[in-house]
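# Structural overview for review
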Amino acid sequence: MSRIKETFDNLGKRGESALVGFATAGDPDLERSLGVLRAMCESGVDVLELGVPFSDPTADGPVIQRASQRALARGMRLSRAIGMVRELRSSVSAPIVLFSYYNPVLAYGLSRFYKDALAAGADGVLVVDLPPEESGEMLAEWEGRELDLIRLVAPTTPTERMRTIADQASGFLYLVSMTGVTGSAGLDLAEVAAETARLKSVTELPVCVGFGISTPEEARAVARVAEGVVVGSAFERLIEAHGGERDLEERIREYTRSLKEAVQGAGR
Amino acid sequence: MDTQATDQGRPDSMGHYGPFGGRYVAETLMPAILELEAAYNTVRGDGAFHSELRELFQNYVGRPSPLYFARRLTERAGGAKIYLKREDLNHTGAHKINNTLGQALLARRMGKQKVIAETGAGQHGVATATAAALFGMECKVFMGVQDVARQAPNVARMRLLGATVESVPSGTGTLKDAMNEAMRFWVGAVRDTFYVIGSVAGPHPYPKMVRDFQSVIGVETREQALAALGRLPDLLIACVGGGSNAMGLFYPFLEDNVELAGVEAAGKGISTGKHAATLCAGTVGVLHGAKSYVLQTEDGQIVEAHSVSAGLDYPGVGPEHALLKESGRARYVSVTDSQALAAFGALARTEGILPALESSHALAFAMEEAARRPKDQVVVVCLSGRGDKDLDIVTGEAAKAGGAL
């Protein structure tokens, strides 16, 4: 059984939702980034999304844009992000999803990317700008399909299209909480509940909701309706504000624990 | 003036031009792009849509634009005859209006009252703001902060036309960053906003739609050449940033025995790395929704382009150009900043025409190429825009060079 499925199954038996944490690989720098990611996993993150920085992140708001620029300036690249997965895997049992734009993956080589990511211990891949219409080229290079290709679904996605996407998906489905880029303000919890229900009507896969969730209260509300809550820009804001300070990891731990508590207390 | 194009089998139903093109966008935008494709396919065969567009082309834009024999420029080059397709004489001073009127008409058909656009030199921004004013739409234009500074007259024009200009500080503050920001804004506003892309770039159906609207350039050139010369030209030349004026000129000639040359910006020289010659010096990648050639590192990070011309300062290029390069149907060359500036001066003094710096790249190559060819050959250059917007840059560069161009 895949590590992703096992994670959601185990949480599901306890009636809990997953805390999915996103951070950009290499932010604030290569060394401290590993510390941040370990701290996230040790203090409550159930699924780790490791962001591969890209020079032109058109689906991301200013917070992740700046995180990407910091990481790129420190020499982060896809090969090193895969190396970080390998290092994390020695101590981290949570599933790891590589989160990238398509161009770095294409430049790395589709077949080589699959083999190296799998060998390093990654469990899934999410390519933000690769809709189902264009993913045949990549999947043709994935021998055995041992990595889950995580699919995005948006509030603008018609229900029939949701069904088509869900039918080809594995691992979990990532529901974008709003029509906007990452880190946007204006999360509408009633709309999230309605959209989650609409997606659940066409799939048995776990649904994780992300974009614009930052407070424990928001995480708790989303955890009541979805199997997973994704928090990304909020971690990056902490890294941006405290990246140069000695207590960065402790702040990350404290924040992660507050989210985890909220998600656990949601009672789905 | 024919505004209805046939697609000669390209792109395929998924928006692919051979291995290029496609739709590489986040899921939030996919439904909007599919809706746009369906709407465009409907109007493509709609006579009423095309007669409205034709009427605007004739009475608002001033089409057909002349095909002008540049006698003194020809004498100066000393070889083949050089003709200029005068897109600079269009309303708003460039070819961009052909496309923005088409897309604005489509937006109106789709019931969208708000339009957004990205712009480099400001010509597409002005043309979008103009179309929006004409149709009573709300318009927001994204422009890199560096371009806002170097193309100030166009910023003023957009504002006077009622558009909001959003200055984009991210990245290098040029066209690429403006397009990133326009796409981000569109992700948040996609339900009621139409994105007017200005080049044959972006996700399908934009490369096809923009090509079709710009094909009026080539269709007219063909008719005008046949009327004036009794035959087709030997060589067509156009500058290529994203490639919309080139695609519009080339497209109606793809099946003919006519040579095609696209001229990219070599900036300070390709060997310096400070250039925008995507087809000449780039590699295959995905940027802004399409697979094509891009300027990138070996890790797939997009690198900064450079050109004295803001409209060519872009590290990507339309996917159909990538296919024309690979098939060998068109060839792509590059011209440096200083060669383009020299061509600007040459046209100004031989013909009394101030060309846009973008078009000056095509002119520079045309003069070189004409010199190599016998006098009975005919070269057509797309004079894609006028140079008024570039006067500060050109006079500044001339001062640096000691007064002369």
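It should be noted that the structure appears before, not after, this text.
What you see is a predicted model; the values in this text were computed from it and never measured. (Residues numbered from 1 in each chain as written. Chains lettered and ligands numbered in written order. Predicted model: local features only at pLDDT ≥ 70, side-chain atom pairs only at ≥ 80, totals over all residues. Heavy atoms only, no water.)

### Here's the deal with the overall build of chain B
Applied cut-off: What counts as a helix is a DSSP run of H or I of at least four residues, what counts as a strand is a run of E of at least two, and both are numbered from the N terminus. In this description the radius of gyration comes from C-alpha coordinates, and the expected globular size is given by 2.2 Å times residues to the power 0.38. Buried means the residue's accessible area, taken with a 1.4 Å probe over protein chains only, is under 20% of the maximum for its type, while exposed means over 50%, and partly exposed covers the values in between. Note on areas: these come from Shrake-Rupley sampling with a 1.4 Å probe, and a residue is covered only by the protein chains present in the view. Counted as positive: Lys and Arg. Counted as negative: Asp and Glu, with His and the chain ends omitted from the count. Just so you know, the charge point we use is NZ for Lys, CZ for Arg, CG for Asp and CD for Glu.
Each helix and strand in chain B was counted, giving 16 helices and 14 strands. Taken against the 2.2 N^0.38 rule, which gives 22 Å for 405 residues, the C-alpha radius of gyration of chain B at 19 Å falls within 12% of a compact globule. If you line up chain B on its principal axes, its C-alpha atoms span 55 × 45 × 40 Å. When burial is assessed residue by residue, chain B has 66% of its 405 residues classed as buried. As presented, chain B carries roughly 12900 Å² of accessible surface, and 51% of it is formed by carbon and sulfur atoms. Distance from the positive charge centre (40 side chains) to the negative charge centre (43 side chains) of chain B: 3 Å.

### Let's talk about the overall build of chain A
Convention followed: Residues are treated as being in contact if the distance between any of their heavy atoms lies within 4.5 Å.
For chain A, the count of helices and strands is 12 helices and nine strands. Its C-alpha radius of gyration of 17 Å places chain A within 12% of the 18 Å reference for a compact globule of 268 residues. Dimensions of chain A, computed from C-alpha atoms along their principal axes, come out at roughly 45 × 40 × 35 Å. Looking at chain A as a whole, 63% of its 268 residues qualify as buried. In chain A, 72% of the contacts between residues at least 6 apart in sequence involve partners at least 24 apart. As presented, chain A carries roughly 9700 Å² of accessible surface, and 47% of it is formed by carbon and sulfur atoms. Of the side chains in chain A, 30 bear a positive and 39 a negative charge, and the two mean positions are spaced by 3 Å.

### Looking at the pairing of strand β8 (residues 207–210) of chain A
Residues and elements named next belong to chain A. Here is the rule we go by: Here, a strand pair is defined by DSSP locating no fewer than two bridges between the strands. For crossovers, right-handed means that the path from the first strand over the helix to the second runs clockwise, given strands pointing away from the viewer.
Neither face of β8 is exposed, since V207 and V209 on one face and C208 and G210 on the opposite face are all buried. Here four bridges tie strand β7 (residues 173–176) to β8, and the two strands are oriented parallel to one another. Its bridge partner lying in β8, V176 is registered against G210. With helix α9 (residues 189–200) bridging β7 and its parallel neighbour β8, the resulting β-α-β unit is right-handed. In this structure, β8 lies alongside strand β9 (residues 228–231), joined through two bridges in parallel fashion. Bridge pairing in β9 links C208 to G228. Viewed along the sheet, the connection from β8 through helix α10 (residues 216–223) into β9 turns out right-handed.

### Notes on the nonpolar core
To keep it simple, the criterion reads: Only buried residues count toward a nonpolar core. Its members are Ala, Val, Leu, Ile, Met, Phe, Trp, Tyr and Cys residues joined through side-chain atoms within 4.5 Å.
Of all hydrophobic cores here, the largest spans 119 residues; its most connected members are A:F172, A:Y174, B:L101, B:L106, B:W186, B:Y195 and B:F250. Each residue touching B:Y195, except ones within four places of it in the same chain, is listed here: B:Q103, B:I116, B:A117, B:E118, B:M179, B:A182, B:M183, B:W186 and B:Y206. Core analysis: the next-biggest nonpolar cluster, separate from the first, contains 77 residues, A:A71, A:V153, A:A169 and A:A223 among them.

### Focus on the interface of chain B and chain A
When the parts of a complex come together, some accessible area is lost, and that lost area is often taken as the interface size. Put simply, the rule is: Defined in terms of a 1.4 Å probe, buried area is the accessible area two parts forfeit on being brought together, summed over both. Here, a salt bridge means any Lys or Arg side-chain nitrogen found within 4 Å of an Asp or Glu carboxyl oxygen.
In this complex, chain B contributes 34 residues to the contact, which on the side of chain A involves 39 residues. Regarding the contact of chain B and chain A, the summed buried area is about 2800 Å², with carbon and sulfur atoms giving 51% of it. In terms of surface lost to chain A, no three residues of chain B exceed B:E27, B:R184 and B:Q301, which account for 24% of the buried area on that side. Applying the counting rule to chain B against chain A returns four salt bridges.

### Concerning the state of the cysteines
Cysteine pairs can be linked by a disulfide, which is a covalent bond between their two sulfur atoms. Basically, it comes down to this: Any two cysteine sulfur atoms within 2.5 Å of one another count as a disulfide.
This structure, assessed with the given rule, holds zero disulfides over all chains. Not part of a disulfide, A:C208 finds its nearest cysteine sulfur in A:C41, a span of 15 Å. According to the relative accessible area criterion, A:C208 is buried, its value standing at 0%. Summary of cysteine pairing: B:C382 is not part of a disulfide, and the nearest cysteine sulfur, belonging to B:C239, is at 7.2 Å.

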